[in-house]
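Descriptive structure summary
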Amino acid sequence: MPCKLAAGNWKMNGLRADLEELRALIAAQPEPDCGVLICPPATLLAPMAAIADGSRLLLGGQDCHTGQSGAHTGDISAAMLADAGARHVILGHSERRADHGESSDLVAAKARAAHDAGLTAIICVGETEAERDAGRTLDVVLGQLRDSTPKAATAANTVIAYEPVWAIGTGRTPTLAQIAEVHDALRAAVPDAEISLLYGGSVKPGNAADIFALANVDGALVGGASLKAADFSAIIAAL
Ligand code: PEP
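Residues numbered from 1 in each chain as written. Predicted model: local features only at pLDDT ≥ 70, side-chain atom pairs only at ≥ 80, totals over all residues.

**Here's the deal with the sheet that holds strand β3 (residues 58-61)**
Taken together, 8 strands build a closed barrel; the order of strands is β1-β2-β3-β4-β5-β6-β7-β8 and the barrel is parallel. For this sheet, the mean angle separating the axes of adjacent strands, direction not counted, is 25°. Sheet topology note: the strand β6 (residues 158-162)/strand β7 (residues 196-200) ladder contains 4 bridges and is parallel. The partner of Y162 across the bridge, within β7, is Y199. Contacts from helix α7 (residues 137-148) reach β5 (120-125) and β6, with the element oriented near 150° to β5. (Pairing = 2+ DSSP bridges. Helix = DSSP H or I, 4+ residues; strand = E, 2+ residues; numbered from the N terminus. Axes fitted to C-alpha atoms, helices over the stretch in contact; angles between N-to-C directions. Contact = placed C-beta atoms within 7 Å.)

Structure follows, in structure tokens:
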């Protein structure tokens, strides 16, 4: 298995004044044994790349277009993210699926564009609370995995993040047994068995170590707790 990864998703948060949190994070983790990734809003990628230069901190985008350039006002291409210093891009986050009506087919096309630009695609999958209550969790998650992941995906260019929609930003997390059930099913279904599987949804310093101890959990995708260097450093320390 590749080394574990702690990925922070800043979502639509972060002004230049918040770059202090990145400086504090780098200062707190001079030589992380594992991967540490921050996915800021696109406006902060270039200044973050300047700050992270010479450190082992990785940067990523939160979305990309399927094309490399062209007449798509307001969109950003994978090549532009790479040019600004990104190595990864989050795709198919449930907030994009819900807010922008993104289908799994579109997510797969974006993942191919990311791969073409040399980026690692972090493809998000996860069930809603209603789907879990209806006993459809594995059907939904494995269906999203199948339809959102390019057939040629490998551990070198793809990471899968399991994020139950009802756990994102709510402070609620599945039981360890529920996380393990989904991650074990994902491990059996990914096109390359070495693909890293992240858990996301209300990961905090207090629950990270137990989640990371599960056999098929290779790290975390962290929203709110990645915004503060102290909280994210504590999660990284639990990897
Ligand atoms: C996320 O949005 O990817 C996420 C996991 O958010 P939070 O950690 O805040 O639940």
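So, next bit.
**Here we look at the environment of A237**
In this fold, A237 is placed in helix α10 (residues 229-237). C-beta crowding within 10 Å serves as the criterion here: with 14 such atoms nearby, A237 is assigned to the partly exposed category. Each C-alpha atom, one on A237 and one on T43, is 28 Å from the other, the two residues being 194 residues apart in sequence. (Buried ≥ 20, exposed ≤ 12 C-beta atoms within 10 Å, placed from the backbone.)

**Digging into the UniProt feature "active site" (unreviewed entry) in the chain**
Per the UniProt entry, the sites bearing "active site" (unreviewed entry) are H93 and E163 in this numbering. Spatial clustering of the annotated residues is evident: they stretch over 71 residues in sequence, but the largest pairwise C-alpha distance comes to 8.3 Å. Within the secondary structure layout, H93 lies in the loop between β4 (88-91) and α4 (94-99). On the basis of neighbour count, H93 is assigned to the buried category, with 28 C-beta atoms found within 10 Å. Among all residues touching E163, those that are not within four sequence positions of it are S94, C124, G126, I168, G200, G201 and L221. (UniProt positions renumbered as here; feature names shortened; annotations may be inferred.)

**Things to note about the UniProt feature "binding site: substrate" (unreviewed entry) in the chain**
Taking the UniProt record as the reference, the feature "binding site: substrate" (unreviewed entry) is found at N9, W10, K11, G169, S202, G223 and G224. Judged by maximum C-alpha separation, these annotated positions cover 216 residues in sequence but sit close together in space, the widest gap being only 14.2 Å. Looking at the secondary structure, you find K11 in the loop between β1 (5-9) and α1 (19-28). Counting through the fold element by element, S202 comes out in the loop between β7 and α9 (208-212). In contact with S202, not counting residues within four places along its chain, are A167, T170, G171, R172 and T173.

**So, the pairing of β4**
Across the two faces of β4 the burial is the same, with H88 and I90 and V89 and L91 all buried. In this sheet, β4 lies alongside β3 in parallel orientation, the contact comprising 2 bridges. Residue pairing in the sheet places G60 in a bridge with H88 of β4. The handedness of the β3 to β4 crossover, carried by helix α3 (residues 78-83), is right-handed. (Right-handed = clockwise from strand over helix to strand, strands pointing away.)

**Some remarks on the packing of helix α5 (residues 104-116) against α7**
Closest axis-to-axis distance for the α5/α7 pair is 7 Å, and the angle between their directions is 45°. The angle between α5 and α7 falls in the class oblique. Along the contact surface, α5 presents S104, D105, V107 and A108, while α7 presents Q144, D147 and S148. Tallied by class, residues from the contact of α5 with α7 come to 2 nonpolar, 3 polar and 2 charged. (Parallel < 35°, antiparallel > 145°, perpendicular 65-115°, else oblique. Nonpolar A, V, L, I, M, F, W, Y, C, P; charged D, E, K, R; others polar.)

**Some words on the environment of A180**
Looking at where A180 falls in the secondary structure, it is placed in helix α8 (residues 176-189). C-alpha of A180 to C-alpha of V217: the two residues are 37 residues apart in sequence and 7.8 Å apart in space.

**Observations concerning the confidence of the model for the chain**
Looking at the chain, pLDDT values average 96 and 97% of them are 70 or higher. Interface scoring of the predicted complex returns ipTM 0.98; its pTM is 0.97. (pLDDT = per-residue confidence, 0-100.)

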